[in-house]
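These are the residues of each chain, in order.
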Amino acid sequence: MDAGPLYAYVDADDAHHGPSRHLLEHHPGPILVPILVVTEVTYLLATRLGASAEVRFLGDLASGALTALEVQPAEWLRMAELVAGYAHMSLGSVDASLIAAAERLGIATVATFDRRHFAAVRPRHVEAFDLVPT
């Protein structure tokens, strides 16, 4: 899962709150979140909504509702390859970490609102990602 749906789930005023809430409350799980995405979400929540929103998100991680994924050693090189290969689109390390984790785990579905990056990237294990929510 990318940062957008996670942030929108917490922020009731976000335009994507409804679809994000539905996805997180009805997905059978597990919901996997790369650790760099966790960092991005905690930063956004803390700076935009305050400490209580960040604490709520951390509670979701602690409860097991979300599963944080560490970056594996080989994924750093894949991330660098993705960032370089999609430099014209400014694909950053956070998105690249999600792509590398999906490739490692054979996951084809990515929860994101970042259609620009994730629709353009060609993962190694599938022709294209299935992007949700729609």
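Here the structure is a predicted model, which is why all the values come from computation and not from measurement. (Residues numbered from 1 in each chain as written. Predicted model: local features only at pLDDT ≥ 70, side-chain atom pairs only at ≥ 80, totals over all residues. Heavy atoms only, no water.)

(A) How the structure looks around unusual backbone geometry. Here the amide bond leading from Gly29 into Pro30 is cis, since omega sits at -5°, within 30 degrees of zero. Following the sequence through the fold, Pro30 ends up in the loop between helix H2 (17-26) and strand S1 (32-34). The omega torsion of the bond from Val132 to Pro133 falls at -10°, within 30 degrees of zero and hence cis. Topologically, Pro133 is positioned in the segment after strand S4 (130-132). At Ser90, a residue that is not glycine, the phi angle is positive and equals roughly 60°. By secondary structure assignment, the location of Ser90 is in the loop between helix H5 (73-85) and helix H6 (93-105). Overall, Ser90 belongs to the exposed group, its relative accessible area being 56%. (Helix = DSSP H or I, 4+ residues; strand = E, 2+ residues; numbered from the N terminus. Buried < 20%, exposed > 50% of the residue type's maximum accessible area, 1.4 Å probe, protein only.)

(B) Region of the structure containing the packing of helix H3 (residues 35-48) against helix H4 (residues 51-63). Look at H3 against H4: their axes get within 8 Å of each other, and the N-to-C directions meet at 150°. If you check the angle between H3 and H4, you find them roughly antiparallel. Counting all contacts with H3, which are made through Val38, Val41, Thr42, Leu45 and Ala46, the residues of H4 involved are Ala53, Glu54, Phe57, Leu58 and Leu61. Broken down by class, the residue content of the contact of H3 with H4 amounts to eight nonpolar, one polar and one charged. (Axes fitted to C-alpha atoms, helices over the stretch in contact; angles between N-to-C directions. Parallel < 35°, antiparallel > 145°, perpendicular 65-115°, else oblique. Contact = heavy atoms within 4.5 Å. Nonpolar A, V, L, I, M, F, W, Y, C, P; charged D, E, K, R; others polar.)

(C) Fine view of the nonpolar core. Within the largest apolar cluster, 36 residues are counted, with the highest numbers of intra-cluster contacts made by Met1, Leu6, Val33, Phe57 and Leu66. Those elements that provide at least two residues to this core are helix H1 (3-10), H2, H3, H4, H5, H6 and strand S3 (109-111). Excluding anything up to four places from it in sequence, Met1 contacts Leu6, Leu23, Leu24, Ile31, Leu32, Val33, Pro34, Val37, Leu98 and Ala111. (Core = buried A, V, L, I, M, F, W, Y, C linked by side-chain atoms within 4.5 Å.)

(D) Up close: the layout of surface pockets. In this structure, the largest pocket occupies an estimated 340 Å³ of space. Taken together, 17 residues form the lining of the largest pocket, with Met1, Pro30, Leu32, Ile107 and Thr109 sitting closest to its centre. Only S1, H6 and S3 provide two or more residues apiece to the lining of the largest pocket. With four residues, H6 is the largest single contributor of residues to the lining of the largest pocket. Partitioning the lining of the largest pocket into residue classes produces 15 nonpolar, two polar and no charged. (1 Å grid on protein atoms, 1.4 Å probe; cavity = no way out; pocket = protein on both sides within 12 Å on 5 of 7 lines; lining within 4 Å. Points joined across faces, edges and corners; volume = space filled by probe spheres on them.)

(E) Representation of the pattern of salt bridges within the structure. Counting across every chain of the model gives five salt bridges. When the shortest N-O distance is used, the salt bridge between Arg78 and Glu81 registers 2.3 Å. Taken together, the positions of Arg78 and Glu81, both in helix H5 and three residues apart, correspond to about one turn of that helix. A salt bridge links Glu103 to Arg78; the nearest nitrogen and oxygen atoms lie 2.7 Å apart. One end of the pair, Glu103, is in helix H6; the other, Arg78, is in helix H5, and 25 residues separate them in sequence. Here Glu103 matches Arg78 in class, with each residue buried. Among the ionic contacts, a cluster of salt bridges with common partners joins Arg78, Glu81, Glu103 and Arg124. (Salt bridge = Lys/Arg side-chain N within 4 Å of Asp/Glu carboxyl O.)

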